[in-house]
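Structural characterization, general
Each chain is listed here by its residues.
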Amino acid sequence: MRRTVGALLRKELLVELRTLESVPGMSLFAVSTFVIFHFALNRSSVEGDLASGILWVTLLFAAILGVNRLFVADADQGGFDGFLLAPVDRSAMLVAKVLTLLGFLIAFEIVAVPAFALLLLGSSLGDAMPDLLITLALGDLGVAVIGTLVAALAVQTRARDLLGPLLALPLLVPIVIGGARATSPLLSVSHPTDSPLRWLLTLGLYDLIFGLIAFALFDFLLED
Amino acid sequence: MVALEVEGLARHYGEREALSEVSLTLQEGQTLVVFGPNGAGKTTLLRILATLLRPHGGYVSVLGSQLPEEAWAVRGRVGLLAHEPLLYRELTARENLRFHARLHGVGEQRVEEVLEAVAISSRAGEPLRTLSRGMVQLVAVARAVLHDPELLLLDEPHSNLDPAAVELVAPLIGAASKRTRVICSHDPGGGLAEADLVLGLRAGRMVLLREAAEVQPGEITELYR
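A word on the overall build of chain B
A tally of regular secondary structure across chain B gives eight helices and 10 strands. In terms of overall size, chain B behaves like a compact globule, its C-alpha atoms giving a radius of gyration of 17 Å where 225 residues would be expected to give roughly 17 Å. A principal-axis box enclosing the C-alpha atoms of chain B has dimensions of 45 × 40 × 35 Å. Looking at chain B as a whole, 48% of its 225 residues are labelled buried.

As structure tokens, this is what we get:
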């Protein structure tokens, strides 16, 4: 399993480095959206619920771009068949794709989150950063698992560019809610004492449930 | 020993019947050549034997394992050369073969061996999208035999290859490879020369199954009318 996941991850990294299709697109989308919010809201800064809402909705839509591209090379260039012909555990592809999407999300957030702070936050992210990183990590894991599951399903259809977001968005709503609620106190100027723990646990539980669902269903999605 | 045993095989795509009542037996080391016009079901048959499609009816046994129940035992023992090369265009030939070698648990030395065998070593570091169709087909041949499969499933294996390249791949996928082979072909002369057993398909139905020595080229041509 480790050898197969390693081979798949290496291949994903090489393809992304050669095509630059996912991470640059996601980053550019997120930064452009923050710029649009910056001018559209006509405020020097945002905080609390509004700030966390803007952050999480933007991250979600940018992530959808990556989800849509996740299996395209495999479906269009016969990579699925090549993989299915090998005597390997098919769950290795689930693990590799989740890790790939997680890597893409982390890479684009390295650009997107500082851009968000620069363009929309009046205060620095300094104190909030450790809790924000935990929240983002749990949110990213959920997006990666659900995104991989949905992308594997959508890529088999003719309307994959439409079906992917249509299936993913409703399933990702609880992650946006949990992420935004957990982030809101961190971005509040008045520094409320609300603990984000409840929402972090909700995110963790949601990740776990979908992780198990993905593990149970993924082999069937690869089947004819 | 029997390599392939197929009895009453059926497969459909929605309402459309792609294969119906196909039955044959192929001994180890023999070559089955499948003829038939476009849409006859040749590729569907190959994909079922490769475990990529599930049969919807009948009995299929490949290398002693029944499909689809024991498909896991067949994977890795079959080499498929399909219409698509099953290679990533952005990766180089060497990177593609190394990827497949890792999936099949094959050493890197074997990658260099097959690259040399198809005379592509000098271009092996270039992305596949920059190579000609013929060269991509050579890399696809290298991929199909990389793990030294017992059964070769070849869908028009010489397409895009010039005569010199056809000679080059003969030791790997030709009769000299001593492997059991199933070949889809549109070339009556070349196909019959390779065959031990001939299967003719039309609209998913078996219209010819005979020892190659008993088949006249005219009978194959008739399949396409």
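Still more to cover.
Brief notes about the packing of helix H6 (residues 91-120) of chain A against helix H7 (residues 129-154) of chain A
Residue and element names in this part refer to chain A. At a minimum axis distance of 9 Å, the contact between H6 and H7 shows a crossing angle of 135°. The pairing of H6 with H7 is recorded here as oblique in orientation. The handedness of the crossing between H6 and H7 comes out as right-handed. Side by side, H6 and H7 meet where Leu94, Lys97, Val98, Leu101, Leu102, Leu105, Ile106 and Glu109 of the first sit next to Leu136, Asp140, Leu141, Val143, Ala144, Val145, Gly147 and Thr148 of the second. The residue inventory of the contact of H6 with H7, partitioned by class, reads 11 nonpolar, two polar and three charged.

Considering the interface of chain B and chain A
Each partner contributes residues to the interface: chain B has 24 residues there, and chain A has 21 residues. Elements represented by at least two residues in the side of chain B that touches chain A include exactly strand S6 (78-81) and helix H3 (93-104) of chain B. Here the side of chain B that touches chain A takes six residues from H3(B), the largest share from any one element. Of the residues assigned to the side of chain B that touches chain A, the class counts are 14 nonpolar, three polar and seven charged.

A short note on H3(B)
The terminal C-alpha atoms of H3(B), which comprises 12 residues, lie 17 Å apart, in line with the 16 Å expected from a rise of 1.5 Å per residue. Most of H3(B) sits inside the fold, with 12 of its 12 residues counted as buried. When we look at burial in H3(B), the residues that qualify are Ala93(B), Arg94(B), Glu95(B), Asn96(B), Leu97(B), Arg98(B), Phe99(B), His100(B), Ala101(B), Arg102(B), Leu103(B) and His104(B). Contacts from the buried residues of H3(B) go to helix H1 (2-19) and helix H5 (79-84) of chain A together with helix H4 (108-117) and helix H5 (133-145) of chain B.

With respect to unusual backbone geometry
Residue and element names in this part refer to chain B. Of note, the amide linkage connecting Leu67 to Pro68 takes the cis form, showing an omega dihedral of 5°. Located in the positive-phi region is Leu63, a residue other than glycine, with phi close to 50°. Secondary-structure assignment places Leu63 in the loop between strand S4 (57-62) and strand S5 (65-67). For Leu63, a count of 19 C-beta atoms within 10 Å translates into the label partly exposed. A positive phi angle, near 65°, is found at Lys178, a position not held by glycine. Summarising the element assignment, Lys178 is placed in the loop between helix H6 (163-173) and strand S8 (180-184). Judged by C-beta crowding, with 9 C-beta atoms within 10 Å, Lys178 ranks as exposed.

A few points about the packing of H3(B) against H4(B)
Residues and elements named next belong to chain B. As a packed pair, H3 and H4 sit with axes 9 Å apart at the nearest point and diverge in direction by 135°. Here H3 is positioned oblique relative to H4, judged by the angle of their axes. The hand of the H3/H4 crossing is right-handed. Residue-level contacts link Ala93, Arg94, Leu97, Arg98 and Ala101 of H3 to Glu108, Arg110, Val111, Val114 and Leu115 of H4.

A short note on the pairing of strand S1 (residues 2-13) of chain B
In regular strands, side chains alternate between the two faces of the sheet. Residues and elements named next belong to chain B. Alignment of S1 against strand S2 (residues 16-27), held across eight bridges, turns out to be antiparallel. Within S2, the position partnered with Tyr13 by the bridge is Arg16. Hairpin connection between S1 and S2: a loop of two residues separates the two successive antiparallel strands, and Gly14 in this loop has a positive phi of roughly 65°. In the sheet, S1 pairs with S4 via five bridges, with the strands oriented antiparallel. Each bridged residue has a counterpart across the sheet, and for Ala10 the counterpart in S4 is Gly57.

Basis of the calculations
- Residues numbered from 1 in each chain as written.
- Chains lettered and ligands numbered in written order.
- Predicted model: local features only at pLDDT ≥ 70, side-chain atom pairs only at ≥ 80, totals over all residues.
- Helix = DSSP H or I, 4+ residues; strand = E, 2+ residues; numbered from the N terminus.
- Rg over C-alpha atoms; globule rule 2.2 N^0.38 Å.
- Buried ≥ 20, exposed ≤ 12 C-beta atoms within 10 Å, placed from the backbone.
- Axes fitted to C-alpha atoms, helices over the stretch in contact; angles between N-to-C directions.
- Parallel < 35°, antiparallel > 145°, perpendicular 65-115°, else oblique.
- Left-handed = near helix turned anticlockwise from the far one by under 90°.
- Contact = placed C-beta atoms within 7 Å.
- Nonpolar A, V, L, I, M, F, W, Y, C, P; charged D, E, K, R; others polar.
- Expected span 1.5 Å × (residues − 1).
- Pairing = 2+ DSSP bridges.

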